[in-house]
Amino acid sequence: KNIRTIDFIQQFDANKIADAYKAGKSLNFEWFDGFSKKRIFSSMQPISMGVTGENWGSMISVHESVAYEEVGLPLVQKISRITLGMILIVIISVTIVARIYIAKPLSRFVLAFKDIAEGEGDLTREVTIKSGDELQLLGEYFNAFTAKLKEIIIELKTRSEQTHLVTEDISEASNALGNSFGDQ
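Definitions and limits used
Residues numbered from 1 in each chain as written. Predicted model: local features only at pLDDT ≥ 70, side-chain atom pairs only at ≥ 80, totals over all residues. Heavy atoms only, no water. Helix = DSSP H or I, 4+ residues; strand = E, 2+ residues; numbered from the N terminus. Buried < 20%, exposed > 50% of the residue type's maximum accessible area, 1.4 Å probe, protein only. Contact = heavy atoms within 4.5 Å. Areas by Shrake-Rupley, 256 points an atom, 1.4 Å probe, with all protein chains shown as cover. Core = buried A, V, L, I, M, F, W, Y, C linked by side-chain atoms within 4.5 Å. Phe/Tyr/Trp six-rings, centres within 6.5 Å; stacked < 30°, edge-to-face > 60°. Salt bridge = Lys/Arg side-chain N within 4 Å of Asp/Glu carboxyl O. Polar contact = N/O pair within 3.5 Å; in protein donor to acceptor, adjacent residues only side chain to side chain. pLDDT = per-residue confidence, 0-100.

### Concerning the overall build of the protein chain
Tallying secondary structure elements over the protein chain gives four helices and three strands in all. If you list the helices and strands of the protein chain from N to C, you get α-α-β-β-β-α-α. Considering the protein chain as a whole, with its 184 residues, one finds that 12% of them fall into the buried category. Across the protein chain, the fraction of contacts at a sequence separation of at least 24, relative to all contacts at a separation of at least 6, is 32%. For the protein chain, the accessible surface area stands at approximately 14,700 Å², while carbon and sulfur atoms represent 61% of it.

Here it is, written out as structure tokens:
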């Protein structure tokens, strides 16, 4: 490895590395290793030691495959976990929103229809939904429908009472007419 590093320094801009080394600056670079046919990531860090002010340095080089192998799998696992977490959050949020904004208003309709179908047909019952969407419109139309039904039922009741009164009048007239024929 030392020979490769020396060869690399000679092939790379050796003055740039030497200047960074003398100035005590960090230097990160990558290069292509002709032996393994892979990129190598290198980092040179200065180390000041002693009182003399001499600059020392440490250089670490890692093959591309090793660098990605070590980082790649945990990174993929982290991304997978984050993605799964986000999907779960979206599913839970949609479920909560669906319950609040769809299931609760629909249950009001179910109870109102059930009351009309099974109960005594209380047409004074109204469904109140303030959602500003189609469910609110459905509630308004339901209320309008029950109001019209109530009007129709009141009209039928009034006509039924009138028919009953007319029938009684006809019956009385018929009895009176029958009595008058019987007297003659």
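### Structural notes on the nonpolar core
Formed by Ile17, Ala20, Leu27, Phe29, Trp31, Ile40 and Met44, the largest nonpolar core amounts to seven residues. The set of elements that each furnish at least two residues to this core consists of helix 2 (14–23), strand 1 (27–33) and strand 2 (38–48). In terms of residues, this core owes the most to one element, strand 1, which gives three residues. Not counting chain neighbours up to four residues away, the residues in contact with leucine 27 comprise Lys16, Ile17, Ala20, Ser42, Ser43 and Met44.

### Thoughts on the environment of lysine 16
Looking at the secondary structure, you find lysine 16 in helix 2. Each C-alpha atom, one on lysine 16 and one on leucine 27, is 9.2 Å from the other, the two residues being eleven residues apart in sequence.

### As for the packing of aromatic side chains
By convention here, two paired aromatic rings are described through the distance between centres and the angle between planes. Here the structure, examined in full by the defined rule, presents one aromatic pair. Ring centres of phenylalanine 113 and phenylalanine 142 lie 4.8 Å apart, and the angle between their planes is 75°; this geometry places the pair in the edge-to-face category. Note that phenylalanine 113 is positioned in helix 3 (residues 64–118) and phenylalanine 142 in helix 4 (residues 134–183), a separation of 29 residues in sequence. Assessed through its relative accessible area of 4%, phenylalanine 142 is described here as buried.

### Things to note about the pattern of salt bridges
Applying the stated rule across the entire model yields one salt bridge. Put simply, arginine 159 and glutamate 155 hold a salt bridge, and the shortest N to O gap is 2.7 Å. Residue arginine 159 and its partner glutamate 155 are both found in helix 4; the two are separated by four residues, about one turn of the helix.

### Details of the side chain of threonine 146
Relative to the assigned elements, threonine 146 resides in helix 4. For threonine 146, a relative accessible area of 1% gives the class buried. A polar contact of 2.9 Å, which involves the side chain of threonine 146, links it to the backbone oxygen of asparagine 143. The residues contacting threonine 146, other than those within four sequence positions of it, are Ile116, Leu123 and Arg125.

### A closer look at the confidence of the model for the protein chain
In low-pLDDT segments, the atomic positions of the prediction should not be examined closely. Looking at the protein chain as a whole, the pLDDT averages 76, with 81% of positions reaching at least 70. The element-level mean pLDDT for the protein chain is lowest in helix 1 (residues 2–11), coming to 41, with helix 4 highest at 85. Here residues 1–11 is modelled with pLDDT under 50, and outside its nearest four sequence neighbours on either side it reaches ten contacts, counting other chains as well.

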